Amino acid sequence: MGNSWWEIEVICDRDLEDALYWRLERFGCRGTASTDWGMDRAVRAYLPAVQAQLLDLSALALWLQQDAAMMEFEPPDVRWRLIDDEDWARSWQKYWQPLEVGDRFLICPAWLTPPETDRLTIRLDPGAAFGTGTHPTTQLCLEGIEMRLPPGHSGGTIADIGCGSGILSIACLLSGATQVYAVDTDPLAPAAAISNAALNDLAPDRLIAEQGSIERLIQLVPEECDGIVCNIIAETVLELIPHFNAIAKPRCWGAIGGILIDRASDISVALQKHGWQVGALWRRGNWCSFNIRHRQD
Ligand SMILES: C[S@@+](CC[C@H](N)C(=O)[O-])C[C@H]1O[C@@H](n2cnc3c(N)ncnc32)[C@H](O)[C@@H]1O
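Predicted model only: the values in this text are computed from it and were never measured. (Residues numbered from 1 in each chain as written. Predicted model: local features only at pLDDT ≥ 70, side-chain atom pairs only at ≥ 80, totals over all residues. Heavy atoms only, no water.)

(A) How the structure looks around the domain arrangement of the protein. In terms of domain boundaries, the protein breaks down into domain 1 (4-94) and domain 2 (98-294). On a C-alpha basis, the centres of domain 1 and domain 2 stand 25 Å from each other. (Domains from an automatic or database assignment.)

Here it is as structure tokens:
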């Protein structure tokens, strides 16, 4: 069971997809891929087998059905099966295709030849870490990066809190940032981020990634940062916000995602309390992201 994965397949109404992602992420799923399924969507999520027992999966199915009932949708069809490492990789290969995000990025699975494009291509091997670009919260953060680091931008140090696969770190580096310091509490994430940076031909010293959270980042960064990217659920972001100042230059920007729309006002209040101005709040489905700037005082 050590090297196997649960593949959880959920067939649901397309308007339920956002809420579903949230529930799957909270359950601990490391990655998701979705495809059309007639008029519905088929969402597949992957979780190391050691992290869940059959009873946990039954509870998840019940939560998903309750979520659907509360939102007045038909109950989703939820199934799961154990797959080994090889099948897991094959599943990704089947369902995960190159994806354009925003005006500037193209996310391309490592095993495919990137298509001809004038977009910035982020090549990714999902490994076991979260972050393939298919999730709306990742896309919102990528669009935030696109706004802060426009074509021709060069320089700056960025902090990536909850780096997962390193997708946001790599986006910053390909957009001209000089250096990224990244942390993630998931022990598998830093290595995934570093190997994905290498896959994109980025010099190893441009991305320093370590296990931990903001307290590790405070030790890691030699000087305050020009930007912060952070795509984690609202409860965690609320704990992190009071510590942002310890790593931020005056006028530091932030692309903060992972927030369900009904938590937006809590986040906004906390940001303002700690000296951050909300420049824009972007929404996709039930998710939103904050583009913020530190007040200069
Ligand atoms: C939604 S994923 C984001 C991954 C990637 N940055 C992206 O945008 O796709 C959130 C990541 O944050 C990590 N995480 C959760 N709580 C954390 C914390 N307190 N400090 C640092 N990382 C955390 C998780 O392990 C996970 O990899």
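(B) Here's a closer look at the UniProt feature "binding site: S-adenosyl-L-methionine" (unreviewed entry) in the protein. Under the UniProt annotation, the feature "binding site: S-adenosyl-L-methionine" (unreviewed entry) is placed at Thr-138, Gly-162, Asp-184 and Asn-231. You can see Thr-138 is positioned in helix H4 (residues 136-148). Judged by relative accessible area, which is 2%, Thr-138 ranks as buried. Relative to the helices and strands, Asp-184 is located in strand S9 (residues 179-184). Looking at Asp-184, the relative accessible area reads 11%, which means it is buried. If sequence neighbours within four positions are ignored, Asp-184 has contacts with Gly-162, Cys-163, Gly-164, Ala-189, Pro-190, Glu-210, Gln-211 and Gly-212. Reaching out from Asp-184, the side chain makes a polar contact with the backbone nitrogen of Asp-186 at a distance of 2.8 Å. (UniProt positions renumbered as here; feature names shortened; annotations may be inferred. Helix = DSSP H or I, 4+ residues; strand = E, 2+ residues; numbered from the N terminus. Buried < 20%, exposed > 50% of the residue type's maximum accessible area, 1.4 Å probe, protein only. Contact = heavy atoms within 4.5 Å. Polar contact = N/O pair within 3.5 Å; in protein donor to acceptor, adjacent residues only side chain to side chain.)

(C) Up close: the site of the ligand. Taken together, 17 residues surround the ligand, and among them Thr-138, Gly-162, Asp-184, Ser-213 and Asn-231 come closest. Residue Thr-138 places a side-chain N or O atom 2.7 Å away from an oxygen atom belonging to the ligand. In this structure, Asn-231 approaches the ligand through a side-chain N or O atom, which is 2.8 Å from an oxygen atom. Protein contacts shield 87% of the accessible area of the ligand, which totals 600 Å² for the unbound molecule. Partitioning the shell around the ligand into residue classes produces five nonpolar, nine polar and three charged. (Near = heavy atom within 4 Å. Areas by Shrake-Rupley, 256 points an atom, 1.4 Å probe, with all protein chains shown as cover. Nonpolar A, V, L, I, M, F, W, Y, C, P; charged D, E, K, R; others polar.)

(D) Structural view of the nonpolar core. In this structure, Ile-8, Ile-161, Leu-217, Ile-228, Phe-244 and Phe-290 are the most contacted members of the largest nonpolar core, which totals 56 residues. Lining this core are residues from two domains, each supplying at least three of them: domain 1 (4-94) and domain 2 (98-294). Counting 30 residues, the second-largest nonpolar core is a separate cluster that includes Ile-167, Ala-193, Leu-202 and Leu-207. (Core = buried A, V, L, I, M, F, W, Y, C linked by side-chain atoms within 4.5 Å.)

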